[in-house]
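Listed here are the chains, written in short residue letters.
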Protein chains: 2
Amino acid sequence: MAIPAGAPLSFFFARGEEHPYLSKLSKDELKTILGGKGYGVYRMICQLGLKCPAMFNLPTYHANNLAEGKLTPELRDEVCRNIALLEKATGKKFGSPENPLLVSARSGAKFSMPGMMDTILNIGLNDEIVEALVKAQPANARFWYDAYRRLLEMIGDVVYGIAEYDAGEETKDRFEEAMEQVKHAAGVTNDAELTADHLKTLCGKFKEIYKSQGQEFPSDPVEQVCLAAEAVFRSWNTPRAIFTRKEDGIPDDLGTAVNIQEMVFGNKTPLSGTGVFFTRDKSTGHKTPGKLDGTVLFQAQGEDVVAGRRNSEPLEVLLESENEHLRAIYNEIKETGDLLERAERNMQDTEFTIEENAEGVPILYWLQIRDGKRSALAESVIAVNLAKEGIITEAEAVLMVNPKRFEEQLYPRIPSSAKQSARLLGKGTAASPGPAAGAITFTKDQALEDSKTKDVVLCTVMTNQNDVPGMKAAVGILTSTGTKVSHAAIMATAWGVPAVVGASCVSFGEDSEGRFLEIDGTKLRRGDVITIDGASGEIFLGALPSEKPSDLSPEAEQIIEWAKKLKSLQIRANAERAEAQISADRGAEGIGLFRTEHMFLGERLGDIQTVLFGADEAAKVAALDRIAQFSKSDFKDALRIMNGYGVTIRLLDAPLHEFFPEDSHLEREENPMLGFRSVRMCYLNPEIARMQAWAILTAAAELQKEGLDPHPEIELPLVIIPEEVAYFKKLVAEVAVKVHEETGVWVHYGLGIMVETPAAALQGTEMVRALEAPVCGVPAEAQSAKGFASFGTNDLTQTTLAISRDDADRFLPRYVEDGMFALHPFLSLHPVVERIVRQFVAAARQVDPKFEIFICGEHGGDLYTIGRLHDMGFTGTSMSPGGIYRSILQAAHEQIKNPR
Amino acid sequence: MAIPAGAPLSFFFARGEEHPYLSKLSKDELKTILGGKGYGVYRMICQLGLKCPAMFNLPTYHANNLAEGKLTPELRDEVCRNIALLEKATGKKFGSPENPLLVSARSGAKFSMPGMMDTILNIGLNDEIVEALVKAQPANARFWYDAYRRLLEMIGDVVYGIAEYDAGEETKDRFEEAMEQVKHAAGVTNDAELTADHLKTLCGKFKEIYKSQGQEFPSDPVEQVCLAAEAVFRSWNTPRAIFTRKEDGIPDDLGTAVNIQEMVFGNKTPLSGTGVFFTRDKSTGHKTPGKLDGTVLFQAQGEDVVAGRRNSEPLEVLLESENEHLRAIYNEIKETGDLLERAERNMQDTEFTIEENAEGVPILYWLQIRDGKRSALAESVIAVNLAKEGIITEAEAVLMVNPKRFEEQLYPRIPSSAKQSARLLGKGTAASPGPAAGAITFTKDQALEDSKTKDVVLCTVMTNQNDVPGMKAAVGILTSTGTKVSHAAIMATAWGVPAVVGASCVSFGEDSEGRFLEIDGTKLRRGDVITIDGASGEIFLGALPSEKPSDLSPEAEQIIEWAKKLKSLQIRANAERAEAQISADRGAEGIGLFRTEHMFLGERLGDIQTVLFGADEAAKVAALDRIAQFSKSDFKDALRIMNGYGVTIRLLDAPLHEFFPEDSHLEREENPMLGFRSVRMCYLNPEIARMQAWAILTAAAELQKEGLDPHPEIELPLVIIPEEVAYFKKLVAEVAVKVHEETGVWVHYGLGIMVETPAAALQGTEMVRALEAPVCGVPAEAQSAKGFASFGTNDLTQTTLAISRDDADRFLPRYVEDGMFALHPFLSLHPVVERIVRQFVAAARQVDPKFEIFICGEHGGDLYTIGRLHDMGFTGTSMSPGGIYRSILQAAHEQIKNPR
């Protein structure tokens, strides 16, 4: 990012004073410039007037604009100017042995990249100052030497890169080695047991390391702070940071900010401490009455908490304290939490430090706030409660719930109780959600063999096309390499098989007992049982139970209700009779695709064979009649369940060979996908289409007689020319006349096409005209009441890209893995397919601005695709019942963000 | 057609006087308004001042604008006004017993529809006039009664429709029955033997027929002419005329004109006669020295010639006459022929009548001229000679040669000598050209059985999909029903099997000896041999020989030379090494599609199997090297033959299963057309593409070293995304560097894509950008010198329409037969495919106006498609060597008619 014209080189945050430049920016712009941490502190200091360590921010746009990795002279001057402001604000003096100002230099990018970039603490110390401090505060001698040795270590590591060295098999750390030597010499095993003298010795050894590596520790505090700032800026471009950004889709040009902040010490005295506080429970989303969600650790720094060296205590420990100030701090935390939530309009995840001041009073300092991460379950609860508390609007509440994660509430999951009592072996990338417990197998052949008798998890370095049969035989897949777009991840997602990939904690080997995998120090072999959690990336020893969640929480239901109110796209379900009720329960507004194939396969196969291949006319009529009665009953049930909503019923659409009699010598088609099926088959066998139309219209007629309001919509599959539309429009209208004669009812029905060929998509004008042209020779009441189009984007993708989905496994995963395709074209609408869809929509709406356009099939429930559909002005979308909730939610997001 | 604003209601043709309205119209406009006959007479009378019977024309636009089948009052007045003009021009008087004007009313549409519409002669006669004429000219008594009975018959038939009646099994004619009664009573068998009295009796009987049918013969000549005009106009809309127009693609709204012309009588006296004259020999195209191509028949009317009752004599009979006037008429015919050719700028087919005038002098009257029909062979001869004689330009000569018929010169054909000595059994519709001699079979099973031992012709009422195996087994197909778009015709054309359809002269039956077909009174049975001529529709008894024509005539070659000069589209050949030379000889400007598949199949199959499925790396390298050497040699030959011209070589493009080892258990793909092939296979096996690029570039390098100028163009098949282009562009550039290292030569090569998927077609912008973007990291000399695109419209049609050509036979013929498709989409570019092609062309040329765009494959040689390509601005087209001539010619037609 270039430095914006007119933007300051730095930002000093003065308590309670709005910054003239920043006050004009949006939250997003602020985060872009200041980074996430900088934004939070700016909010707290300048806008909320909270007590935070004083700070200034070197904004993100410097990260990619350094002069060969160094601060420009102007920026150095800026740092000095800000140091002076810090001195004024704190009353301390940088580089002064009497009352030294110490600072930290912390990274902070727009999007959180935990552990990716560097931090340097205790800047401002040197030999002279430490000696002076120890002399002035002898009781704190150990504290100051410890602070100093940390500074030495961090500058050596981060600024000069002299900490680590390559020792053949492993990487060693010179500073850690020196620490070990001192501990060894002192006869202690724990850092905490070292005395001030030991630590002083250690500081000397650390400075020798500098010398041995041809460097010198910079004693000048200003030099220290500039070097630290440069190092933090540079850390934006370390290989691991670049890799992480690529994984997470974070643009490289954003840059990190550097925050220079006054040090406060939670580890100074027993009344000092450090802690974290969530304004609501991140698992349940609720506020627990009489309890705050957070922990505190006395006499410790944040790093100690992270390292888990000691156990934190619940915040309620403050209330139990004899120190009245600490008891007051508990209430301060609580009240500040409410303030922060109202200010940030979201649940907050905060960090704080308590430092005992010179008067012996513990003072609460807020270090950082951010929107709190939360469980899928908690998302809805928090969003609904914030809305009900009047903090956010209903629309904002809906936006707060991630449609993709919303589904997680309905996945099978491993109960947290089971996880707590199980042994966590390690973690990889969550690649395909769901838990899978099974016996380890290492190869395709093992998986095929062992899966005959038990559930297996295929564990391997990576997968390729040859492994597919084994992958399909497994209940879960674990790979030690790869990312979310690797072969294993792509295939597993497509099949719905749980998978964890890129688990670098796993290594494979072979010994006298055969092949094994090693993880967390344990060797596991073929047949040993593990459990992977494809939603979290966790790997556990043994078989963990999984449970299917019962139903949505009341808050999740509330979110869906709000989303339904807010969205613009109609959400329908792909459902036959069996799925109609659950679809309606989940909120589907009709059926977008009722497939009729099953009425011909299974028990009715013999009948359709008679119709297609038989010679006896009477037998054909009888067979058709049996199918008709059977079909009518199914249609009637679905239309009754979806009373008042559209039910799109597709005429017969299956490849010819599925109907071949078993003993048939008929030749299988070369490319059945492009063969004799759908309207083509119905054109040459119009009695089939007539029978289906009769069953649909009669079902509706009977419901109309009951006083219901059925909306049958007859759909023609695989249409390529408007002449087909005209033919079937007439055929159906004639059937409507017949049904009227038989029932006395004129059925209101729609007639539409499935747009699944480029030919249909490219003839929007002609197709809509054909759908809307009245049929001659039949009364107006027999005409279809409306035309419509529904995209079958699976077939449309197949024909547009000339990729048979059934055969694509040989190359498509490689195309996705190599980035030839940005997204899997059978999961998310490919841009070139979108292009052709847009042509149809534009042409169709030109003819009739109210023409209804839908999509059905897998893309219809894809969140990315729903965004495209909303943008293109689709009337609605349709997907399997499992995708209804997330689609409703996504549709609401689209409408809120981009109203139409 | 509506009556054009400002257009006269009729046109009187005054000799030597240009008509003020007509003089402003083009030839095409004149024919539209006046019809073909009216146009010819207008030219002769008004413009050339030739001696024709006086005439006026009621133009075509009245035909569809009558008032309930009757002339409007204005038009009746117009007829009367014109009659007066005729009277003035002829000095005769309509309705006068003394010097009566007699006229004919003849139809004449823009396009000739022989025998389709009606004609009425001798209008102006009635009892009173005939009696007066007989009295004045007793010697002509028989002539006048005969003329009168003809008028009675024609008005009865055409105006009142009282001639025919349904007599159960057959249709009978009341007038013919009366004639038979009179002949029977007179004891004669031949019309000519009837005396004046007999004919007078006949006239009486004819008038009784009127009465018996509740009609009255109209004695008023004006009434006669109006009724006749109405009847002729109405004949435009008889069912058979409508059917013929549908067959021939003549628009229904054109209408016929009515020509009212003074009668002249070739049958009046022995010095009178009628004849036809062609200005050049219609078979050879030449003028025969000392001989005119035409015949004359004395004392006869045109009808007699058509009926073939007597044999005509060569025109030279005039020269041999003792009558000096007749000898002069011979020269008059000859000179007028030259005049007409220069005026009409084409070889003319004329009709004339000689009528002896009152002074005993035979006078030549020109009745009709039209551009003469001619044989395929004669077309070029006439065109070239007319051009060389300065009558037409070279461009007009080229336009005079029909590209479709041009090919006929190269088809096998039955020598006319053989036809003359054979028995012609009958004629049907010529449906698929070429001769076929074989034994009759009646069913699919018979055809399959008998074809094992001999050639068979499948003879049946009509064919359907079930007959396909039998149709394929036959050398020819004959059906008694159907048209050029029936199943039999469509399939036969597609396969190149000769076929005659709709031969209503053939009937099928069964008797004690089994099934037979009856034609021309002969019963033929299974095994009897016939010959069909699919180019003419003729059916002969026995096996006729066929001969393959040697080479083009010098005139045909001249036409091709001129066409090459005049066309704009580049014409290339689809050719491998074997076809390169013949393609070059026929005038191909390079190779548009060099398929490389055969290098991998056949004898090299084992090698490619090693590469694709083998495990031994060394064996793979060796196998690839063998293919490389083999390929290079082939490429080199083709590049040498096409020196200076582009040779487009397509990288490997075959369905995967064609490479499966015989003992392989690999699963065949579900839809191989959309499977793992083409660039997809090369992307996963880049060594194959590298090897092919190496062979192509090395072949060219070696030729460049010889001082030749090879233009290799590497083509990527089945491209769907620009990322594929980028990948292979880099790969090929790297190979170019390698070839340079090995040979010291930088090869100039092109790199292009085959556009055969909607995805590629819809991304013209992206594709051209990818093709033209330089590859980083290789020198400029290694880059491709140009990008290009070539449409593979076969696959593009398959994907756009979702029709697998291999599987289409189950329904596509029905779609074509029913008119769902106007043209067969795999023979002529379908409009929706054209739409997508246009999108690519527009986008590509927007990026680079000079970007080269080609087509290859079957559509490339289709004449209709060539017109579309020319119109779309294609650079060139490519087709099998057999289509080169016609394509050159068609391309010239397009450029002449629609220069770009």
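A few words now on the overall build of chain A. Across its full length, chain A carries 32 helices and 31 strands. Each principal axis of the C-alpha atoms in chain A carries an extent, and together these give about 110 × 70 × 55 Å. Residues classed as buried in chain A amount to 57% of the 900 residues present. Residue pairs in contact within chain A that sit at least 24 positions apart in sequence constitute 69% of those at least 6 positions apart. Counting every atom, chain A has about 35,900 Å² of accessible surface; 49% of that belongs to carbon and sulfur.

Residue-level contacts link 49 residues of chain A with 49 residues of chain B. Seen at the junction of chain A and chain B, the total is six salt bridges. For Glu670(A), the salt bridge identified is with Arg668(B), shortest N-O distance 3.0 Å. Run the count over chain A and chain B and you get 27 residue pairs in polar contact (both at pLDDT 80 or more). Within the residue set of the side of chain A that touches chain B, elements represented by two or more residues are α23 (678-684), α25 (722-743), α26 (758-761), α28 (793-801), α29 (812-817) and α30 (831-847) of chain A. The residue inventory of the side of chain A that touches chain B, partitioned by class, reads 24 nonpolar, 11 polar and 14 charged.

Another point: the pairing of strand β23 (residues 538-541) of chain A. Residue and element names in this part refer to chain A. Of the strand pairs in this sheet, strand β13 (residues 424-427) and β23 are connected by three bridges, and their pairing is antiparallel. Looking across to β23, one finds that Leu424 is bridged to Phe540. Pairing between strand β22 (residues 529-533) and β23: four bridges, direction antiparallel. Note on β23: the bridge partner recorded for Ile532 is Ile539. In this antiparallel pair of consecutive strands, β22 and β23, the connection spans four residues, and Gly537 shows a positive phi of 85°.

All names here are of chain A. The strand order across the open sheet built from eight strands is β30-β29-β28-β27-β26-β25-β24-β31, with neighbouring strands paired in parallel fashion. Of all the strands in the sheet, the pair left with one neighbour each is β30 (852-856) and β31 (876-879). Across this sheet, the average inter-strand angle for adjacent strands is 25°, counted without regard to direction. Both strand β24 (residues 570-574) and strand β25 (residues 591-594) contribute to a ladder of two bridges, which runs parallel. Among the inter-strand pairings, Ala573 is bridged to a residue of β25, identified as Ile591. Sheet contacts for helix α22 (residues 617-641): β25, β26 (646-650) and β27 (711-716); angle to β25, the most-contacted strand, approximately 165°.

Turning our eyes to something else, we now look at the relation of the copies chain A and chain B. By a simple turn and slide, chain A fits onto chain B: the slide is 0.0 Å along the axis, the RMSD is 0.5 Å, and the turn is 179°. What we have between these two chains is a two-fold relation. Both copies present the same face, since 100% of the interface residues in chain A are matched by interface residues at the equivalent positions in chain B.

Now for the pairing of strand β27 (residues 711-716) of chain B. Residue and element names in this part refer to chain B. Buried residues dominate β27, accounting for five of its six residues. Relative to β27, strand β26 (residues 646-650) runs parallel, the two being bridged by five bridges. From the neighbouring strand, Val647 faces β27, where its bridge partner is Pro712. Here four bridges tie β27 to strand β28 (residues 750-755), and the two strands are oriented parallel to one another. In the strand pairing of β28, Glu713 is matched with Gly750. Regarding topology, helix α25 (residues 722-743) serves as the crossover connection from β27 to the parallel β28, and that connection is right-handed.

Relative to the helices and strands, Glu669(B) is located in the loop between β26 and α23 (678-684). A polar contact is formed between the side chain of Glu669(B) and the backbone nitrogen of Phe676(B), at a distance of 2.8 Å.

Take the sheet that holds strand β18 (residues 499-501) of chain B next. Residue and element names in this part refer to chain B. Read across the sheet, eight strands follow the order β13-β23-β22-β15-β16-β17-β18-β14 without closing on themselves; strand pairing throughout is mixed. Edge positions in the open sheet fall to β13 (424-427) and β14 (429-432), since each of these has one partner strand only. Adjacent strand axes in the sheet meet at a mean angle of 30°, parallel and antiparallel pairs treated alike. Note: strand β15 (residues 435-441) against strand β16 (residues 456-460), three bridges, orientation parallel. The residue of β16 that forms the bridge with Ala439 is Val456.

This part covers the pattern of salt bridges. Taken as a whole, this structure holds 122 salt bridges over all chains when the rule is applied. Two residues, Arg650(A) and Glu597(A), come together in a salt bridge whose shortest N-O distance is 3.0 Å. Here Arg650(A), found in strand β26, pairs with Glu597(A), found in the loop between β25 and α21 (605-613); they are 53 residues apart in sequence, far enough to count as distant. Each of the two residues, Arg650(A) as well as Glu597(A), counts as buried. Here Lys27(B) and Asp371(B) are joined by a salt bridge, their closest N and O atoms 3.9 Å apart. Of this pair, Lys27(B) sits in helix α1 (residues 27-47) while Asp371(B) sits in strand β12 (residues 362-371), and the two are 344 residues apart along the sequence. Accessibility expressed as a relative area gives 33% for Lys27(B), which makes it partly exposed. Residue Asp371(B) is classed as partly exposed on the basis of its relative accessible area of 30%. Salt bridges sharing common partners tie together Glu597(A), Arg650(A), Asp653(A), Arg677(A) and Asp795(A).

This brings us to the packing of α22(A) against helix α24 (residues 686-705) of chain A. Residues and elements named next belong to chain A. Orientation of α22 relative to α24, taken along the N-to-C sense of each, is 40°, at an axis distance of 8 Å. As far as their axial angle goes, α24 and α22 are oblique. At the point where α22 passes α24, the crossing takes the right-handed sense. Note on element contacts: α24 touches α22 through Glu687, Ile688, Met691, Gln692, Trp694, Ala695, Ile696, Thr698, Ala699, Ala700, Glu702 and Leu703, opposite Leu624, Ile627, Ala628, Gln629, Ser631, Lys632, Phe635, Lys636, Leu639 and Arg640. When its residues are assigned to classes, the contact of α22 with α24 shows 13 nonpolar, four polar and five charged.

The next thing to look at is helix α7 (residues 221-234) of chain A. All names here are of chain A. Helix length check: α7, at 14 residues, gives a terminal C-alpha distance of 20 Å against a target of 20 Å (1.5 Å per residue), a fit within 8%. In terms of residue burial, α7 counts as a mostly covered element, since 11 of its 14 residues are buried. Of the residues making up α7, those classed as buried are Pro221, Gln224, Val225, Cys226, Leu227, Ala228, Ala229, Glu230, Ala231, Val232 and Phe233. Sitting at the amino-terminal end of α7 is Asp220, which places a side-chain oxygen 3.1 Å from the backbone nitrogen of Val222.

This brings us to the packing of aromatic side chains. Residues and elements named next belong to chain A. Tallying each qualifying case throughout the model produces 46 aromatic pairs over all chains. An angle of 75° between the planes, with centres 5.9 Å apart, marks the rings of Tyr148 and Phe217 as edge-to-face. Of this pair, Tyr148 sits in helix α4 (residues 141-159) while Phe217 sits in the loop between α6 (196-212) and α7; the two residues are 69 residues apart in sequence, bridging distant segments of the chain. Assessed through its relative accessible area of 3%, Tyr148 is described here as buried. Judged by its relative accessible area of 8%, Phe217 is buried. Pairing Phe442 with Phe508 gives two aromatic rings, centres 6.1 Å apart and planes at 85°, and the pair type is edge-to-face. With a gap of 66 residues between them, Phe442 in the loop between β15 (435-441) and α16 (444-450) and Phe508 in strand β19 (residues 507-511) connect regions that are remote in the sequence. By relative accessible area, which is 5% here, Phe442 ends up buried. If you follow Arg515 out to its NZ or CZ, it ends over the ring of Phe442, 5.6 Å from the centre.

Bringing the environment of Leu102(B) into the picture now. Residues and elements named next belong to chain B. With respect to the helices, strands and loops of the structure, Leu102 is situated in the loop between α2 (73-90) and β3 (103-109). According to the relative accessible area criterion, Leu102 is buried, its value standing at 4%. Along the sequence, Leu102 and Asn122 sit 20 residues apart, while their C-alpha atoms lie 5.5 Å from each other. With residues near it in sequence (within four places) discarded, Leu102 still touches Ile123, Gly124, Leu125, Trp144, Gln261, Glu262, Met263 and Phe265.

Parameters at a glance
- Along each chain, numbering runs from 1 in the same order as the chain's sequence is written.
- Lettering of chains starts at A and numbering of ligands starts at 1, both following the order in which they are written.
- Given that this is a predicted model, residues contribute local features only at a pLDDT of at least 70 and side-chain atom pairs are listed and counted only at 80 or more, while totals for whole chains, interfaces and linings are drawn from all residues.
- Side-chain metrics in this entry use all non-hydrogen atoms of the structure; hydrogen atoms and water are not considered.
- Elements are defined by DSSP. Helices are runs of H or I of four residues or more, strands are runs of E of two residues or more, and each kind is numbered from the N terminus.
- Residue exposure (1.4 Å probe, protein chains only): buried if accessible area is under 20% of the type maximum, exposed if over 50%, otherwise partly exposed.
- In this description, contact between two residues means that some pair of their heavy atoms is separated by no more than 4.5 Å.
- Reported accessibility uses the Shrake-Rupley method at a 1.4 Å probe radius. Residues are deemed covered only where the shown protein chains occlude them.
- A pairing counts as a salt bridge when a side-chain nitrogen of Lys or Arg comes within 4 Å of a carboxyl oxygen of Asp or Glu.
- Contacts described as polar in this section are N or O atom pairs within 3.5 Å, which, within protein, must combine one atom able to donate a hydrogen with one able to accept it, while residues neighboring in sequence count only if both atoms come from side chains.
- Three classes are used: nonpolar for Ala, Val, Leu, Ile, Met, Phe, Trp, Tyr, Cys and Pro, charged for Asp, Glu, Lys and Arg, and polar for all others, with Gly counted as polar.
- Note: two strands are recorded as paired if DSSP finds a minimum of 2 bridges between them.
- Angles run from 0 to 180 degrees between N-to-C directions of axes, and those axes are lines fitted to C-alpha atoms, restricted for helices to the stretch in contact.
- What sets the superposition is a least-squares fit of C-alpha atoms, and only residues with pLDDT of at least 70 in both copies go into it.
- The definition of a right-handed crossover adopted here requires that, viewed with the strands pointing away, the path from the first strand over the helix to the second runs clockwise.
- An angle counts as roughly parallel when it lies under 35 degrees, as roughly antiparallel when it exceeds 145, as roughly perpendicular when it falls between 65 and 115, and as oblique in every other case.
- For any pair of crossing helices, the crossing counts as left-handed if the nearer helix is rotated counterclockwise from the farther one by less than a right angle, and right-handed if it is rotated clockwise.
- Under the convention used throughout, the expected extent of a helix is 1.5 Å for every residue step, that is, one less than its residue count.
- In this scheme Phe, Tyr and Trp rings, the latter by its six-membered ring, pair at centre separations within 6.5 Å, and the angle between planes marks the pair as stacked below 30 degrees, edge-to-face above 60, and tilted otherwise.
- We call a charge positioned above a ring when the Lys NZ or Arg CZ atom is no farther than 6 Å from the ring centre and deviates by at most 35 degrees from the ring normal.

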